[in-house]
Amino acid sequence: MTQSPTPEPAPMASPTQTAPVPAVKNSGLAIAALVLGILALLGSWIPILNNFSILLGVVGVILAIVGLVGVSKGKKGGKGLAIAGLVLSILAIAISLVLQSVYTKALDEVLPSPQVTGTSQATDSAKTDGATSAPEKSTEKDTGKSAATTNLAVGTKATLSNGLVVSVDAVETAVKDMTGESYTVATVSYTNTGKEKVSYSSFDWKGVDANGAANDTQFAVLDGAKLLDSGSLNANGNVSGKVAFKADTVTIEYYANALIDKEAAASWKAQ
């Protein structure tokens, strides 16, 4: 009797293998924004250094926003990092601005800037020979920027409460330097009639245009001109030099403390 062949067992199906999902890398911009936000926040509490923190914060905000845009397209990961960087950067900017205002107010109270106590017109001989002798005392006392200390005529001397006498002795307009750039150039003088040493610098001065924009002094290469440097004056010391401003300057302002003063101590007409 013939036996039928035993049927072979059907092959077992192998388990289905799924392809591995590639990991999404975190956005490099999001990471950079977080790092900048942390650094900006740490520096925001430190006077002077928080100026740099504001710059870091602004860059951090920009990087965080660009990083979020990239994450939203699904190309990169790190949404939480970008949001954290954005929040920290904005917080650092806010803290820096608030503390700068607080520090400035505190310095104004602890170290009040000298105010103009009187003004006097230089004599004709002083204008001619460039003398910087102390002006006659004015009976008018000024405690801030007023009509007596603004738009002074060229040659007028302003006496401050610390004994320093400052003046704009002459103004030249449309002066070209060695590069061909045009400037408004003022000759300024300092005389220390007080007992304490006082400082001077070209950064004490600003030029204001017709639109009211105040600009710092400009770097100019004036042929043969004695440019005002920076330093200090002992009692009875005096110094003078030239300071360059933008060509469209109409008013020249003097700041007794250029770092913290928001208002000029005195100003002169440039045109």
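Everything here concerns the structure above.
Just so we're clear, the structure is a prediction, and the values are computed from it rather than from any experiment.

Thresholds applied
- The residue numbering used here restarts from 1 in each chain and proceeds along that chain's sequence as written.
- Local features are withheld for residues below a pLDDT of 70 in this predicted model, meaning they are given only at 70 or higher, and side-chain atom pairs are given and counted only at 80 or more; totals for whole chains, interfaces and linings count all residues.
- As a convention, hydrogens and water are excluded, and side-chain values are obtained from all of the structure's heavy atoms.
- Where helices and strands are cited, they refer to DSSP runs of H or I of at least four residues and of E of at least two residues respectively, numbered from the N terminus.
- Residues are treated as being in contact if the distance between any of their heavy atoms lies within 4.5 Å.
- Reported accessibility uses the Shrake-Rupley method at a 1.4 Å probe radius. Residues are deemed covered only where the shown protein chains occlude them.
- Strand pairing is assigned whenever DSSP detects at least two bridges linking the two strands.
- Fitted lines through C-alpha atoms give the axes, limited to the stretch in contact for helices. The angle between two N-to-C directions lies from 0 to 180 degrees.
- Pairing of aromatic rings covers Phe, Tyr and Trp, the last counted by its six-membered ring, and requires centre-to-centre distances within 6.5 Å; plane angles under 30 degrees mean stacked, over 60 mean edge-to-face, and any other angle means tilted.
- Using a 1.4 Å probe on the protein chains alone, a residue whose accessible area is under 20% of its type maximum counts as buried, one over 50% counts as exposed, and one in between counts as partly exposed.
- By the definition adopted for this analysis, an angle is roughly parallel if under 35 degrees, roughly antiparallel if over 145, roughly perpendicular if from 65 to 115, and oblique otherwise.
- Left-handed is the label given to a crossing in which the near helix is rotated counterclockwise from the far helix by less than a right angle, and right-handed is the label when the rotation is clockwise.
- Each residue is assigned to one class: nonpolar for Ala, Val, Leu, Ile, Met, Phe, Trp, Tyr, Cys and Pro, charged for Asp, Glu, Lys and Arg, and polar for all the others, Gly among them.
- Take the buried residues of types Ala, Val, Leu, Ile, Met, Phe, Trp, Tyr and Cys, join any two whose side-chain atoms come within 4.5 Å, and each joined set is a nonpolar core.
- Between the first and last residue of a helix there are one fewer steps than residues, each counted as 1.5 Å, and that sum is the expected span.

Q: How do you make sense of the overall build of the protein when you look at a structure like this?
A: On a plain count of helices and strands, the protein comes out with four helices and 11 strands. Partitioning the intrachain contacts of the protein with sequence separation of at least 6 by distance along the chain shows that 68% fall at a separation of at least 24. Carbon and sulfur atoms provide 60% of the accessible area of the protein, an area that totals close to 16,300 Å².

Q: Quick question: what am I supposed to make of the sheet that holds strand S3 (residues 164-176) here?
A: Backbone hydrogen bonds hold the strands of a sheet together, and the pairing may be parallel or antiparallel. With antiparallel pairing, five strands are arranged side by side in an open sheet as S1-S2-S3-S4-S9. Every other strand in the sheet has two partners, leaving strand S1 (116-121) and strand S9 (238-246) as the edge strands with one partner each. Recorded for the sheet is a direction-independent mean angle of 25 degrees between the axes of neighbouring strands. Where strand S4 (residues 182-192) lies against S9, nine bridges are found, and the strand directions are antiparallel. Across the sheet, the residue bridging to Tyr183 is Lys246, located in S9.

Q: Even after reading the chapter, I still don't get the packing of aromatic side chains, so can you show me in this structure?
A: Here a ring pair, both rings aromatic, is described through the centre-centre distance and the interplanar angle of the planes. In total, this model carries five aromatic pairs according to the counting rule given. On the numbers, 5.6 Å between centres and 50 degrees between planes, the contact of Tyr190 with Tyr200 is tilted. With Tyr190 in strand S4 and Tyr200 in strand S5 (residues 198-200), this pair connects stretches of sequence that are 10 residues apart. Look at Tyr200 and you get buried, because its relative accessible area is 13%. Ring geometry for Trp205 versus Trp268: centroids 5.7 Å apart, planes at 50 degrees, classification tilted. Here Trp268 lies in strand S11 (residues 266-269) and Trp205 lies in strand S6 (residues 205-209), a separation of 63 residues in the sequence. Of the two residues examined, Trp205 and Trp268, each falls in the buried class.

Q: Sorry, what's going on with the packing of helix H1 (residues 28-43) against helix H2 (residues 49-72) here?
A: It is the contact of H1 with H2, at a shortest axis distance of 8 Å, that shows an interaxial angle of 160 degrees. With respect to their mutual orientation, H1 and H2 come out roughly antiparallel. Read as a crossing pair, H1 and H2 show a hand that is left-handed. Across the interface between the two elements, Leu29, Ala32, Ala33, Leu36, Leu39, Ala40 and Gly43 of H1 pack against Leu49, Asn50, Ser53, Leu56, Gly57, Val59, Gly60, Leu63, Ala64, Val66 and Gly67 of H2. The class makeup of the residues in the contact of H1 with H2 is 12 nonpolar, six polar and no charged.

Q: I tried to follow the nonpolar core on my own but got confused; where do I start?
A: Nonpolar side chains in soluble globular proteins generally cluster together in the buried interior. Membership of the largest hydrophobic core comes to 24 residues, with the highest contact counts inside it found for Val166, Val188, Tyr190, Trp205, Tyr254 and Trp268. Mapped by element, the contributors of at least two residues to this core are strand S2 (156-160), S3, S4, S5, S9, strand S10 (249-254) and S11. Counting residues in hydrophobic clusters, the runner-up holds six residues, among them Tyr183, Val185, Ala220 and Leu222.

Q: Sorry if this is basic, but what is going on with the side chain of Thr249 here?
A: By secondary structure assignment, the location of Thr249 is in strand S10. Given a relative accessible area of 1%, Thr249 falls into the buried group.

Q: Could you clarify how one ought to interpret H1 in this entry?
A: Helical geometry: 3.6 residues make up each α-helical turn, so side chains three or four residues apart lie on a common side. Its 16 residues give H1 an end-to-end C-alpha distance of 23 Å, which sits within 8% of 22 Å, the value for a rise of 1.5 Å per residue. Those residues of H1 not exposed but buried are Ala30, Ala33, Leu34, Leu36, Gly37, Ala40 and Gly43.

Q: Is there a simple way to think about H2 in this case?
A: Here H2 is 24 residues long and its end C-alpha atoms lie 35 Å apart, about the 34 Å a rise of 1.5 Å per residue gives. Within H2, burial applies to Asn50, Ser53, Ile54, Leu56, Gly57, Gly60, Val61, Ala64, Gly67 and Val71. Remark: Gly74 follows H2 within two positions and exhibits a positive phi of approximately 80 degrees.

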